[in-house]
Amino acid sequence: MGFTKIGVVGAGTMGQGIAEMLAAKGLDVLLVERTPERLEQAWGQIEISLDKQLEKWAITVSEKKLILSKIQKVTDWGRLAECDMVIESVTEDLELKKQVFVRLDELCPPEVLLASNTSTLSLTEMAAETKLPERVIGLHFLYPVSKIHLVEIIRAVKTSEETFEKTKQFVEETIQKRGIQVNESPGFVTTRLICILINEAMHALSERVASAEDIDSAMRIGYDFHYGPLEMADRFGLDAVLAAMERMFREFGELKYRPSFLLKQMVRAGHLGTKTGQGFFRYDKDGDRL
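Residues numbered from 1 in each chain as written. Predicted model: local features only at pLDDT ≥ 70, side-chain atom pairs only at ≥ 80, totals over all residues. Heavy atoms only, no water.

Engineer: Kindly report on the overall build of the chain, identifying the contributing residues and their values.
Structural biologist: Assigned secondary structure in the chain consists of 11 helices and eight strands. With respect to the three principal axes, the spread of C-alpha positions in the chain is 55 × 50 × 35 Å. In the chain, which comprises 290 residues, the share counted as buried stands at 49%. Expressed as a percentage of contacts within the chain between residues at least 6 apart in sequence, the contacts between residues at least 24 apart total 65%. Looking at the chain as shown, the accessible area adds up to about 14000 Å², and 51% of this sits on carbon and sulfur atoms. (Helix = DSSP H or I, 4+ residues; strand = E, 2+ residues; numbered from the N terminus. Buried < 20%, exposed > 50% of the residue type's maximum accessible area, 1.4 Å probe, protein only. Contact = heavy atoms within 4.5 Å. Areas by Shrake-Rupley, 256 points an atom, 1.4 Å probe, with all protein chains shown as cover.)

In structure tokens:
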């Protein structure tokens, strides 16, 4: 099966990154949002991302134009029936994602694969809302999508072997990333492990073991992390980290998943990271550290 056109539902940070990456790989992308205003906002962020790459000589002006030409802004969900695969990337809310899958199941022909970019939620529960649960699968991209060459391919209970093999082909041949097979479990592999590291970094900060800057430097320089755990949390969104931690704490019932009180305080204060310009560090409107 060849993949030429991919739908991306949800044009938040991850949806933008996925759409940009797919277009850069030469695929046609239908980027779907509820309102034209949200689409224009997402489009502007994709342009900012491409302009940053231009400044670093990573792409040319013509390549930027080509990538943008591959992305179509869509509010008519009916057009998703044209796609070979649809990737859902809306807010990490199970009920909302279920609603999206019900709608996709109604609109898309049986051969269209339906994937979710969830980082912690149950694919099996989402698939149960559809008439063809065997075509539902998880594709967990990591932030920043264009730079991280790993994708978790998550099998729900009823995901068929055919769906998995086609999805693996898409990940490894079409978009040329490394795919790892994950059987459904809260937090999968990456979220489950990184949230514990982030949580422990917050404990170290609240206990005044070291400053936020030094904690991040320890992991970034000492262990060759792209970002330190606290900046990573800022870029994920502290509210998203808190939601993931609380979900895993409920599911596993183990204290290691209990969110740091400092994390709860930050979220209550509205310091959510890059999206608000203030988290453990400060950021400009383009998401760069100040």
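Anyway, onward from the coordinates.
Engineer: Please give an account of the pattern of salt bridges that cites residues and values.
Structural biologist: Summed over all chains, the structure comprises 19 salt bridges. Close ionic contact of Asp 105 with Arg 135 constitutes a salt bridge, the shortest N to O distance being 3.1 Å. Here Asp 105, found in helix α4 (residues 94-107), pairs with Arg 135, found in the loop between α5 (123-127) and β6 (136-141); they are 30 residues apart in sequence, far enough to count as distant. Across the pair, Arg 135 and Asp 105 agree in class, each one buried. Put simply, Asp 239 and Lys 275 hold a salt bridge, and the shortest N to O gap is 3.0 Å. Within this pair, whereas Asp 239 is found in helix α10 (residues 238-252), its partner Lys 275 is found in the segment after α11 (261-268), the two being separated by 36 residues in sequence. (Salt bridge = Lys/Arg side-chain N within 4 Å of Asp/Glu carboxyl O.)

Engineer: Give a description of helix α3 (residues 61-69) that names residues and reports values.
Structural biologist: Within the sequence span of α3, burial applies to Lys 64, Ile 67 and Leu 68. All buried residues of α3 project into a common sector of 95 degrees when viewed along the axis, lining one side. Within α3, the exposed residues directed more than 90 degrees away from the buried face are Ser 62, Lys 65 and Leu 66. Contacts from the buried residues of α3 go to α1 (13-24), α2 (36-55) and β3 (71-74). (Arc of directions from axis to C-beta.)

Engineer: Go over the environment of Glu 246 with me, naming the residues and quoting the values.
Structural biologist: Its place among the elements puts Glu 246 in helix α10. In sequence terms Glu 246 and Arg 258 are 12 residues apart; their C-alpha atoms lie 6.7 Å from each other. For Glu 246, the residues in contact, after removing those within four places along its chain, are Pro 259 and Lys 264.

Engineer: How would you summarise the pairing of strand β1 (residues 5-9) if you had to cite specific residues and measurements?
Structural biologist: Counting buried positions over the five residues of β1 gives five, a clear majority of the element. Of the two faces of β1, the one lined by Lys 5, Gly 7 and Val 9 and the one lined by Ile 6 and Val 8 are each fully buried. With α1 bridging β1 and its parallel neighbour strand β2 (residues 28-32), the resulting β-α-β unit is right-handed. Relative to strand β4 (residues 85-88), β1 is paired through four bridges, and the arrangement is parallel. Across the sheet, residue Ile 6 finds its bridge partner in β4, namely Met 85. (Right-handed = clockwise from strand over helix to strand, strands pointing away. Pairing = 2+ DSSP bridges.)

Engineer: Which residues make up the packing of helix α7 (residues 190-206) against helix α8 (residues 212-222), and what are the values?
Structural biologist: The N-to-C vectors of α7 and α8 enclose an angle of 140 degrees; their axes lie 10 Å apart at closest approach. The orientation of α7 relative to α8 falls into the category oblique. Of the two elements, α7 crosses α8, and the hand of that crossing is right-handed. Taking contact as the criterion, the partners of Leu 197, Ala 201, Ala 204 and Leu 205 in α7 are, on α8, Ala 212, Ile 215 and Met 219. For the contact of α7 with α8, a count of residues per class yields seven nonpolar, no polar and no charged. (Axes fitted to C-alpha atoms, helices over the stretch in contact; angles between N-to-C directions. Parallel < 35°, antiparallel > 145°, perpendicular 65-115°, else oblique. Left-handed = near helix turned anticlockwise from the far one by under 90°. Nonpolar A, V, L, I, M, F, W, Y, C, P; charged D, E, K, R; others polar.)

Engineer: Could you give an account of the environment of Pro 259, with specific residues and numbers?
Structural biologist: Its location among the elements puts Pro 259 in the loop between α10 and α11. Sequence spacing of Pro 259 and Asp 84 is 175 residues, and the spatial spacing of their C-alpha atoms is 39 Å. Apart from the residues lying within four places of it in its own chain, the contact partners of Pro 259 are Asn 199, Leu 242, Met 245, Glu 246 and Lys 264.

Engineer: Tell me about the nonpolar core, and name the residues and values.
Structural biologist: Counting residues in each nonpolar core, the largest one holds 36 residues, and the members touching the most others are Leu 22, Leu 31, Ile 87, Leu 139, Phe 141 and Phe 170. By residue number, the principal contributor to this core is α1, which donates six residues. For Leu 31, the contacting residues outside a window of four places in its chain are Val 8, Gly 10, Ala 11, Gly 15, Ala 19, Leu 39, Ala 42, Ile 46, Ile 71, Gln 72, Lys 73 and Val 74. (Core = buried A, V, L, I, M, F, W, Y, C linked by side-chain atoms within 4.5 Å.)

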